[in-house]
Amino acid sequence: IVRVIPNTPSKIGKGVNPYCIGKFTTKEQSEDVQKLLEIFGDAILVDESKMNIATAITAVGSTYWFPAVKYLLDFTKAKGLDKELGYKLVFETMQGTAELILKTLQGPDELKLMIGTRTIEEEAVKKLFSEAVNKAYEKIEASEKRLTV
């Protein structure tokens, strides 16, 4: 038995798909699962006890970013940028930010000090994300309980 909850970036081979395996899964089967899931992006073996946490981040995670992306794209359009340029500015900034954090292993609090202008209310963002990810986690936990009854 293998448990995996794919996410939307998997559609283009850029997902991060945590999975866990049952106790009767052989080493060869586990390796096959890893290879199969790598088609969809990163495949990360996690302990079953951590699966719901991982799922709240990965499977639901895109929904946290889509509204921000939509607003930024709407802003570029409203300010007269053509669609292609707007997409390039928004997505390359997002991608570059993610890569900066991954490659430097510096925390966001440290990295934001490199930027002189800050206009976002961080406590409001923290509250928004905290509520969203906790709600996702609770729904996943409730779904799991219904399945195991």
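For the structure itself, consult the block above.
Once a new chain begins, its residue numbering starts again from 1 and follows that chain's sequence as written. Local features in this predicted model are restricted to residues whose pLDDT is 70 or higher, and side-chain atom pairs enter the listing and the counts only when it is 80 or higher, whereas totals over whole chains, interfaces and linings include all residues. Heavy atoms throughout the structure, all of them, feed into the side-chain values; hydrogens and water do not.

(A) Structural context of the overall build of the protein. Tallying secondary structure elements over the protein gives 6 helices and 3 strands in all. To get the radius of gyration, use the C-alpha atoms; to get the globule rule, take the number of residues to the power 0.38 and multiply by 2.2 Å. Over its C-alpha trace the protein gives a radius of gyration of 19 Å, far above what one expects of a compact globule, namely 15 Å for 149 residues. Each principal axis of the C-alpha distribution contributes one length, and for the protein these read about 55 × 30 × 30 Å. Note on contacts: a residue pair is in contact if any heavy atoms of the two residues lie within 4.5 Å. Here the analysis covers contacts within the protein between residues at least 6 apart in sequence; of these, 59% occur between residues at least 24 apart. The secondary structure listing takes helices from DSSP runs of H or I that are at least 4 residues long and strands from runs of E that are at least 2 residues long, numbered from the N terminus.

(B) Seen up close, the pattern of salt bridges. Whenever Lys or Arg places a side-chain nitrogen within 4 Å of a carboxyl oxygen from Asp or Glu, that contact is recorded as a salt bridge. In total, this model carries 9 salt bridges according to the counting rule given. Glutamate 122 serves as the salt-bridge partner of lysine 112, at 2.7 Å between the closest nitrogen and oxygen. In this pair, lysine 112 is assigned in the loop between helix H5 (108-111) and helix H6 (122-148) and glutamate 122 in helix H6, connecting sequence segments 10 residues apart.

(C) Examining a nonpolar patch on the surface more closely. Patches here: salt-bridge-free residues with over 30% relative accessible area, like charges joined within 9 Å, nonpolar side chains (Val, Leu, Ile, Met, Phe, Trp, Tyr) joined within 5 Å. Throughout, the Shrake-Rupley method with a 1.4 Å probe supplies accessible areas, and for residues the shown protein chains are the sole cover considered. On the surface, Trp65, Tyr87, Phe91 and Met94 cluster together into a nonpolar patch covering about 390 Å² of accessible area. The greatest single-element share of the nonpolar patch, amounting to 3 residues, is contributed by helix H4 (residues 83-104). With respect to the element layout, phenylalanine 91 can be found in helix H4.

(D) Representation of the sheet that holds strand E3 (residues 41-45) within the structure. For two strands to be treated as a pair, DSSP must find no fewer than two bridges joining them. Pairing is mixed across the open sheet formed by 3 strands, whose spatial order is E1-E2-E3. The sheet is open, and its two borders are formed by strand E1 (2-4) and E3, each paired with just one other strand. Mean inter-strand twist for the sheet, computed between neighbouring axes without regard to direction, equals 30°. In this sheet, strand E2 (residues 15-21) lies alongside E1 in antiparallel orientation, the contact comprising 3 bridges. For arginine 3, the partnering residue across the bridge sits in E2 and is cysteine 20. Of the strands in this sheet, E1, E2 and E3 are in contact with helix H1 (residues 27-37), which crosses E2 at around 165°. Lines fitted to C-alpha atoms define the axes, with helix axes restricted to the stretch in contact, and inter-axis angles between N-to-C directions lie between 0 and 180 degrees.

(E) Representation of the side chain of asparagine 7 in the model. Tracing the chain through its elements places asparagine 7 in the loop between E1 and E2. Assessed through its relative accessible area of 7%, asparagine 7 is described here as buried. Within 3.5 Å is the distance limit for a polar contact, defined as a pair of N or O atoms, with the added protein rule that one can donate a hydrogen and the other accept it, and that residues adjacent in sequence qualify only through two side-chain atoms. Polar side-chain contacts of asparagine 7 include one of 2.5 Å to the backbone oxygen of valine 16. Dropping the residues within four chain positions of it, asparagine 7 is found in contact with Gly15, Val16, Asn17, Thr58 and Ala59. For every residue, the accessible area (1.4 Å probe, protein chains only) is compared with the maximum for its type, and the residue is labelled buried under 20%, exposed over 50%, or partly exposed between those bounds.

(F) Geometry of the pairing of E2. The element E2 is largely enclosed, with a buried count of 5 among its 7 residues. Each parallel crossover has a hand, and for E2 linked through H1 to E3 it is right-handed. The definition of a right-handed crossover adopted here requires that, viewed with the strands pointing away, the path from the first strand over the helix to the second runs clockwise.

(G) Representation of unusual backbone geometry in the model. Unusually for a residue other than glycine, leucine 105 sits at a positive phi of about 55°. Turning to its location among the elements, leucine 105 is positioned in the loop between H4 and H5. A relative accessible area of 72% means that leucine 105 is categorised as exposed.

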